[in-house]
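# Summary of the model geometry
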Amino acid sequence: MELLSRSDKWYLGGGDRLLWAPPFPLWLSYPGLWDEVHYFNHALFPCFTWTLVDGRGRPYPTCRSRWHWSPAGMSTSLRSAAFPFHGAPLFEAGAEELSGEVTAWENLALTEDDRLCAEVTIDADAEAWEGGLHFVAWTAQPDTGGLYVLPDGRETRSGDFAAGPWGIIWTRTLLPPDWPQVELRCRLCLDRQATSWSVQFSEDRHVQPHWGLTPWSGPWERPGLSGEVRQSGNAPHGLYYAALHAELAEGAGGQDQLTIVFEVLGETGKDAEESERVEVGADAVRTPPVWIEETSAPEEEPADGDLEGEGVQPASTGWEAPGMLLGRTARIWTEAMRGVPELHCSDPYLEAAWNHRWYGLRLLEGRGGHGYQRYPAVCEGIGYFRVPISYSGHAQMRDLRWRHDPAAVRGTLRNFLVNQREDGSLPGRIYHNTDRKTDFYLADWGGALLALEQVHPDTAFLEETYEPLARYADYFDGQRDREESGLYDVISQYETGQEYMSRYM
């Protein structure tokens, strides 16, 4: 794991449906994870942030000063910093009027069960604790209502909020043009009961993680939020600000620690795939995520010589926040990386590329069982490309065959064969919720299968794939080589995946 560690990366993965990998993040310096998270290939912006305030509601402005990244997650430290608030007051009082000094650390990770987490440690002096410290985790969910669309061309709606001591749930609906809508049930919660909470509808403005833009940024008459859920206002569409507040308590060493959790519980609505469908009402906020209860106590250290525990902890850099989150995700990632062969050679750059390739394949892997994505497979990329794509799938099979477990390499081919078209061609992309607009790529599936057979011979799998691949060959011979030249026709430059080469331009 340490061979992959860096200080200039930020992707958080290792789950299934969720991935936090914004290609051009705008808010890495801010607490939490405000940039977009992806559910399959659907972007959800924003995610969440957090603010620390004193007993009178005045925020401690903080900025990330440095971080340490590995596939398991990020560990960051934060320092005091004043940000411009774009027309809103910076805060009600100058930083010199805030009581005491406060330091914060974060561990950030995506767990294998698709929970995006920020484990935050607050370290304060006696003066700050005496004045009272309050932690607010919050988000701002847009409701465009058709007035405008997001930068990627989609309209989005939010609503149906419910809140309680165990969190906030809401529905976020994405309406891509000419595509089935995706209606998601989301939850934001803490690893403890919230002291108070609030959902407040606001007129629309830029969606930014500035406390000064929220409905709660004025002085507090008493510590805490209103406990109300208000889903209407003067305008028909705008932003829903939603927050959870926890009153902090000084613990050992003058510290307190808590974890923010964001998750997509599933899909609702008429277009929801059966495998993703959930019915989640207001009662769901009264139940914490199961793993929070399970990991509330430190885990036992492995005994000497216990290979299951050997080398699973992330290497220390001397300043990570204490906590269990990265230990848990490091174990999962270490186990995944143990399932591939090692490469040792005289070129350290080639060795590094080898390790990063296996990291990338695991980062983009899905476990299957989701609508049209029935089997484990690796997606082509992040963002819009976070779907299995035939242009890269047959090439990925040649890499994935070297894993000790062939499930994903076989699943890659199975996903395309189970979605084979009537004419024998195979789709270019496999979305989890639709088989429309899946285009087509020229792909050497037969060669990939033979390469797999050299490493993981399996007569039953050859028999399973023979008939659909024979239909695939018949499609090329009958539809793409009618003059029987032995060369297959390219109908569209996009079928090649090389559409921007000079021969096509």
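Provided above is the structure to which this section pertains.
Described in the following lines is the structure provided in the data block.

### Concerning the overall build of the chain
Within the chain, the regular secondary structure consists of eight helices and 18 strands. The 505 residues of the chain split such that 55% are buried. A separation of at least 24 residues holds for 69% of the contacts in the chain among residues at least 6 apart in sequence.

### Thoughts on the sheet that holds strand 7 (residues 102-110)
Here eight strands make up an open sheet; going across it, the order is 5-6-7-8-16-12-11-10 and the pairing antiparallel. Since the sheet does not close on itself, it has two edges, and those belong to strand 5 (62-70) and strand 10 (155-164), each with one partner. The mean angle between the axes of side-by-side strands here comes to 20 degrees, regardless of whether they run parallel or antiparallel. In the packing of helix 3 (residues 325-338) onto the sheet, the strands contacted are strand 6 (73-80), strand 7 and strand 8 (116-124), and the crossing angle to strand 7 comes to about 25 degrees.

### Examining the pairing of strand 16 (residues 255-268)
In terms of residue burial, strand 16 counts as a mostly covered element, since 11 of its 14 residues are buried. For strand 8 and strand 16, the ladder comprises eight bridges, and the chain directions are antiparallel. Within strand 16, the residue paired with E119 across the bridge is T259. Strand direction decides the pairing type here: strand 12 (residues 182-190) and strand 16, joined by eight bridges, are antiparallel.

### Description of helix 8 (residues 459-479)
Between its terminal C-alpha atoms helix 8 stretches 30 Å, which fits the 30 Å expected from 21 residues at 1.5 Å a residue. Along its length, helix 8 shows its largest kink, about 40 degrees, at Y466, and proline P468 lies within four residues downstream of that point. Those residues of helix 8 not exposed but buried are F461, T465, P468, L469, Y472, Y475 and F476. On its buried face, helix 8 sits against helix 6 (407-418) and helix 7 (445-455). The N-cap residue of helix 8 is D458: its side-chain oxygen and the backbone nitrogen of A460 are 3.0 Å apart.

### Topic: the pattern of salt bridges
All chains considered together, the criterion is met by 24 salt bridges. With a closest N to O distance of 3.6 Å, E276 and R17 form a salt bridge. One end of the pair, E276, is in the loop between strand 16 and helix 2 (290-294); the other, R17, is in the segment before strand 1 (18-19), with 259 residues separating them in the sequence. For the pair formed by E276 and R17, the shared burial category is buried. Its salt-bridge partner being R328, residue D113 comes within 3.5 Å of it at the nearest N-O pair. Remark: R328 occurs in helix 3 and D113 occurs in the loop between strand 7 and strand 8; sequence separation between them is 215 residues.

### With respect to the side chain of R115
Topologically, R115 is positioned in the loop between strand 7 and strand 8. Polar side-chain contacts of R115 include one of 3.1 Å to the side chain of E263.

### Focus on unusual backbone geometry
Geometrically, the link from F45 to P46 is a cis peptide bond, its omega value of -5 degrees lying close to zero. Note that P46 resides in the loop between strand 3 (42-44) and strand 4 (49-54). Phi angles above zero are rare outside glycine, and D114 is one such case at about 65 degrees. Assignment of secondary structure puts D114 in the loop between strand 7 and strand 8. On the basis of relative accessible area, D114 is assigned to the buried category, the value being 4%. Despite not being glycine, D439 shows a phi value in the positive range, around 45 degrees.

Conventions we followed
Residues numbered from 1 in each chain as written. Predicted model: local features only at pLDDT ≥ 70, side-chain atom pairs only at ≥ 80, totals over all residues. Heavy atoms only, no water. Helix = DSSP H or I, 4+ residues; strand = E, 2+ residues; numbered from the N terminus. Buried < 20%, exposed > 50% of the residue type's maximum accessible area, 1.4 Å probe, protein only. Contact = heavy atoms within 4.5 Å. Pairing = 2+ DSSP bridges. Axes fitted to C-alpha atoms, helices over the stretch in contact; angles between N-to-C directions. Expected span 1.5 Å × (residues − 1). Bend = angle between axes of the 7 residues up to and from the residue. Polar contact = N/O pair within 3.5 Å; in protein donor to acceptor, adjacent residues only side chain to side chain. Salt bridge = Lys/Arg side-chain N within 4 Å of Asp/Glu carboxyl O.

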